[in-house]
Amino acid sequence: MTAPAPKPVLEIENLRVALPKGSDRPFALDGLSLTVAPGEIVCLVGESGSGKSLTAGAVMRLLPEPHVHVAGGAIRFEGEDILAKTEAEMRAIRGDRISMIFQEPMTALNPQKTVGWQIDEVLKLHMKAGRRERKAHALEMLNRVHIPEPASAYNAYPHQISGGQRQRVMIAMALALSPKLIIADEPTTALDVTTQLQILKLIRELQRDEGAGVLFITHDFGVVAEIADKVVVLKQGEMVEQGPADEVLNRPRAPYTRALIGAVPDLTPPPHRPLSDAPVVLSGKALKKTFAARGGLLTGKRAAVTAVKDLTFELRRGETLGVVGESGSGKTTVSRIVTRLVEADSGAVELEGKDLLACSARELRAMRKHIQMVFQDPMASLNPRKRVVDLIAQGPIVHGMDPRAARERARELLALVELSPAAADRFPHEFSGGQRQRIGIARALALEPRVIVADEPVSALDVSVQAQVLRLLADLRERLNLSLLFVTHDLRVAAQLCDRIIVMQKGEIVEAGPTAEVFAEPKHPYTRNLLASIPGRDWTPPVKSIEAA
Amino acid sequence: MPLTVPPILAYALRRLIQAAPVVVLIMIGTFLLLKLAPGDTVDALVGDMGGADAAFIERLRIEYGLDQPVWVQLWRYMVKLASFDFGWSFVYEQPVSTVLMDRLGNTLLLMATSLSLAFTIGVLLGAIAARRAYSLSDNIISTLGLVFYATPSFFLSLMMMLIFSVKLGWLPVGGIKTIGAFYDGWKHVWDVALHLVMPTAALSLIYLAFYLRLMRAAVLEVAELDYVRTARAKGAGETRLMAHHIMRNALLPVVTLLGLQFSTVLGGSVVVETIFTLPGLGQLAYQSVIQRDLNTLMGIIFLCAIIVVVVNFLTDLLYARLDSRIELK
């Protein structure tokens, strides 16, 4: 935009937001300044805890006061001082001239009210119009966000429509009154990659039509590359860099931005490592799992769901096999069947030449030490009442190792996953997400397994931490000659680590092969669609901090 | 044309079929339990008469069928029950069903009023307490709720009697109506209402605390949820938030409790009815235990089981009405 800059919709000047006493830092935001011009998308990027969501709260005047409050600076919306407005004036602005789109389409809509009612609520609050006129407007909005059959969606409850459609409803609601400023707080984070792209396109399209300014909050540089005109990078409440998107993405100046961008996994997979002569450690043959129809004579019936049908795969020593797919593709069920946390209906899982699925309970317990799991949520998968050393040593002790030796070994493992030895005697809650995931990995390694099944192990982590954990996994795989079955929805992560990948859709393998080949020449239309939906796929991070695995 | 049954009727029918074995199990269980208790109707009758000779007692037992083995007695009872014949009360010298029907109205009236009072006031106070969490009014409401909850019902009842009947003389001490007044029309209604004030208050004050605490917790929880934030971002005011977004969702757990508590209230009414000499099922149950009137006791339990099943069915309907995510199947 080189023409004389239009008057900005939003100006934030030297904003400081104070946190309650005893927090890790006195100010959640310290000296943030930014402007959003009409028709411009400004991305506010930062890792968790950077204060990006509080910025939205401050602009909307919806901070959890008095604990968290604006301590200094100015926020001007169309030249008016937001901080000086009364609550009644703010209510008139919210939803009408400034509107918001939230992250979780699942929880951001009231489950007890129909979609139509919830859109109508905004109109009722801000539009002087009769019932019929409002309904017509709501239907038109639903049409504009491309919801199939707007009239039927209007009468549906949120649980009756899909996640992507719910987010469309949120957008319809936010844009219903042509606001001048739209604040989008991680609007696509909870969505599947193909849906995410559609929603991003939709936001762009509508925002262009309306000429509204957008403050787009995200942690994902791929999304930034997809949508941003301007980028503001936050670190721990402080602004480290801001500038046009092209500038920040391709020529980042601040070291922190460089580190963040460097941590974004590259889409170019590593060259294929020939492993065909390595022995097969784990193989699945014709696996099938149907979650049976529930209920019977006296209770309600639920239709049967086929989660996995006819899955066959081989995992060689030292190899990483990625299982990728969107939600509902059955990829998590695969990880559960292979570890026998869920019983398959038919098929065989061969581990070390023995069929895991045919094992008796006793044999299974012995077999378990060959195959271990790393879970997605490092918070929920560690017992909060146990010390780290006991968490790690538990497995070996159960398998008959001398407790003292097991604890000794646990301490060695902590060093292996790059945690300090002092970590051993602390509790899980004293660690950050990334550190907890390292503990989870150490726990899996304690039994010296042949195979590690990792179910979305980095999905809950910030991008820089994610890069470290991925590097650690790659490193351990080399050193211990491990085989990894890696379940993920994130194609960037898969590209980074996996030698071969399986693409799943609705319980079926639609494509399988070496990662490099699948990424370079996807054969199945679904794979092509998935790859084309990766946000920022045309942008290659200019700096790299991790070496290809 | 296939016969289409409205889903609600199909649901009711299924629930009815599910309830039958439950009720049968309850009846068998209580029958056996009561048989385990020492002493029977004859012992109680003879005790009342001041003693009788062994041959007479033997004859009475044969007459009442009490000489048979327990299994035979159980079988005979269940067969009769299947045709809704509750048998004969040897204490009241009337069919059990007549005795029960006399009392049922009073108990239902007492329970319905006290539960709906406890529910409405509890929900309202809970919501107020939650909106002003940790303020003075919240503390007062919460503390009072706890005090009433912690007070034993007999103590609360006796204290009320002492204050309102004995000291102030505002309310009648007990009974359901003024004996010998023979009021009719509105006068009768007013008379019964006056008699019910204290028992209702005693019962509802105790149960109010449950609803209050649950509602307060539920409102506090729901107020933090994402969709309430969404509504705020739409520009909705506090009243609107409360009425449309918070209350409806916060009510769900409270309604669950309502169904569960109905059975406890039946138990609670035993004490309250006995103290206020209200001729209801609770008082009847108490006397039947003392007099070993097995048939009447079984009849009461049967009736209570039916009431609980029906109320649970109604709460499920209400729940489905309140929560759009639940479908009756």
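Cut-offs applied
Residues numbered from 1 in each chain as written. Chains lettered and ligands numbered in written order. Predicted model: local features only at pLDDT ≥ 70, side-chain atom pairs only at ≥ 80, totals over all residues. Heavy atoms only, no water. Pairing = 2+ DSSP bridges. Helix = DSSP H or I, 4+ residues; strand = E, 2+ residues; numbered from the N terminus. Contact = heavy atoms within 4.5 Å. Buried area = accessible area lost by both parts, 1.4 Å probe. Salt bridge = Lys/Arg side-chain N within 4 Å of Asp/Glu carboxyl O. Polar contact = N/O pair within 3.5 Å; in protein donor to acceptor, adjacent residues only side chain to side chain. Nonpolar A, V, L, I, M, F, W, Y, C, P; charged D, E, K, R; others polar. Buried < 20%, exposed > 50% of the residue type's maximum accessible area, 1.4 Å probe, protein only. Axes fitted to C-alpha atoms, helices over the stretch in contact; angles between N-to-C directions. Left-handed = near helix turned anticlockwise from the far one by under 90°. Patch = residues over 30% accessible without salt bridge, like charges linked within 9 Å, V, L, I, M, F, W, Y side chains within 5 Å. Areas by Shrake-Rupley, 256 points an atom, 1.4 Å probe, with all protein chains shown as cover. Core = buried A, V, L, I, M, F, W, Y, C linked by side-chain atoms within 4.5 Å. pLDDT = per-residue confidence, 0-100.

Peer 1: Lay out the pairing of strand 4 (residues 69-77) of chain A with the relevant residues and their values.
Peer 2: Sheet faces and side chains relate simply in a regular strand, where the side chains alternate between the two faces. Residues and elements named next belong to chain A. Relative to strand 4, strand 1 (residues 10-18) runs antiparallel, the two being bridged by 7 bridges. Paired with Glu13 across the strands is Ala74, a residue of strand 4. When strand 4 meets strand 5 (residues 80-81), the two strands line up antiparallel, connected through 2 bridges. The residue of strand 5 that forms the bridge with Arg76 is Asp81. The antiparallel pairing of strand 4 with strand 5 creates a hairpin that spans 2 residues between the two strands, and Glu78 there sits at a positive phi of about 50 degrees.

Peer 1: Account for the interface of chain A and chain B, with residues named and values stated.
Peer 2: On the chain B side, the residues contacting the 32 residues of chain A number 24 residues. With both chains or domains summed, chain A and chain B bury close to 2500 Å², and 54% of this area falls on carbon and sulfur atoms. Measuring nitrogen to oxygen at the nearest pair gives 2.7 Å for the salt bridge that ties Glu121(A) to Arg240(B). Between chain A and chain B we count 12 residue pairs in polar contact (both at pLDDT 80 or more) in total. Mapped onto the side of chain A that touches chain B, the elements with two or more residues apiece are strand 6 (98-101), helix 3 (115-126) and helix 6 (163-175) of chain A. In terms of residues, the side of chain A that touches chain B owes the most to one element, helix 3 of chain A, which gives 7 residues. In terms of residue class, the side of chain A that touches chain B is made up of 16 nonpolar, 9 polar and 7 charged.

Peer 1: I'd love a proper account of the environment of Glu408(A), names of residues and values included.
Peer 2: Residues and elements named next belong to chain A. The residue Glu408 is located in helix 14 (residues 403-416) in this model. With relative accessibility at 46%, the residue Glu408 sits in the partly exposed group. Note: C-alpha distance between Glu408 and Ala393 (15 residues apart in sequence) is 8.5 Å.

Peer 1: Any details on the packing of helix 1 (residues 7-36) of chain B against helix 4 (residues 70-82) of chain B? Residues and values, ideally.
Peer 2: All names here are of chain B. Closest axis-to-axis distance for the helix 1/helix 4 pair is 11 Å, and the angle between their directions is 140 degrees. For the pair helix 1 and helix 4, the sense of crossing is right-handed. Counted together, Val24, Met27, Ile28, Phe31, Leu32 and Lys35 of helix 1 and Val70, Trp71, Gln73, Leu74, Tyr77, Met78 and Leu81 of helix 4 form the full contact between these two elements.

Peer 1: Let's hear about the sheet that holds strand 4 of chain A: which residues, and what values?
Peer 2: Residue and element names in this part refer to chain A. Strand order across the open sheet formed by 4 strands is 2-1-4-5, with antiparallel pairing between neighbours. Strand pairing shows two members of the sheet lacking a second neighbour, strand 2 (27-36) and strand 5, which therefore form its edges. Sheet strands in contact with helix 1 (residues 52-60) are strand 1, strand 2 and strand 4, and its direction is about 110 degrees off that of strand 1.

Peer 1: Explain a nonpolar patch on the surface to me, and be specific about the residues and the numbers.
Peer 2: All names here are of chain B. Where nonpolar side chains cluster on the molecular surface, the patch consists of Phe154, Phe155, Leu158, Met159, Leu162, Ile163, Val166, Leu168, Trp170 and Val271 and spans about 930 Å² of accessible area. Ranked by the residues each element gives to the nonpolar patch, the list is headed by helix 7 (residues 153-167), at 7 residues. Among the secondary structure elements, Phe154 is positioned in helix 7.

Peer 1: Just give me the short version of the nonpolar core, but keep the residues and values in it.
Peer 2: Residues and elements named next belong to chain A. Counting 90 residues, the largest nonpolar core has Ile183 and Phe216 as its most contacted members. Ranked by residue count, the leading element in this core is helix 6, at 7 residues. If we skip the residues at most four places from it in the chain, Phe216 touches Ile41, Val42, Cys43, Leu44, Ala184, Pro187, Leu200, Ile203, Val223 and Ile227.

Peer 1: I'd like a description of the environment of Pro179(A), backed by residues and values.
Peer 2: Residues and elements named next belong to chain A. By the secondary structure assignment, Pro179 is in the loop between helix 6 and strand 7 (181-185). A sequence separation of 160 residues divides Pro179 from Leu19, and the C-alpha atoms of the two residues are 30 Å apart. Beyond its immediate sequence surroundings of up to four residues, Pro179 is in contact with Asp96, Arg97, Ile98, Ser99, Ala174 and Ala212.

Peer 1: How would you summarise the side chain of Thr527(A) if you had to cite specific residues and measurements?
Peer 2: All names here are of chain A. Within the secondary structure, Thr527 is located in helix 19 (residues 525-533). Assessed through its relative accessible area of 3%, Thr527 is described here as buried. Not counting the four nearest positions on each side in its chain, Thr527 is found in contact with Val503, Val510, Glu511, Val518 and Pro522.

Peer 1: Can you tell me about the confidence of the model for chain B, naming the residues and giving the values?
Peer 2: All names here are of chain B. Averaged over all residues, the pLDDT of chain B equals 84, while 98% of them reach at least 70. Taken element by element, the predicted model of chain B shows its lowest mean pLDDT in helix 2 (residues 41-49) (76) and its highest in helix 9 (residues 226-233) (90). Two numbers describe this predicted complex: its pTM, 0.78, and its ipTM, 0.76.

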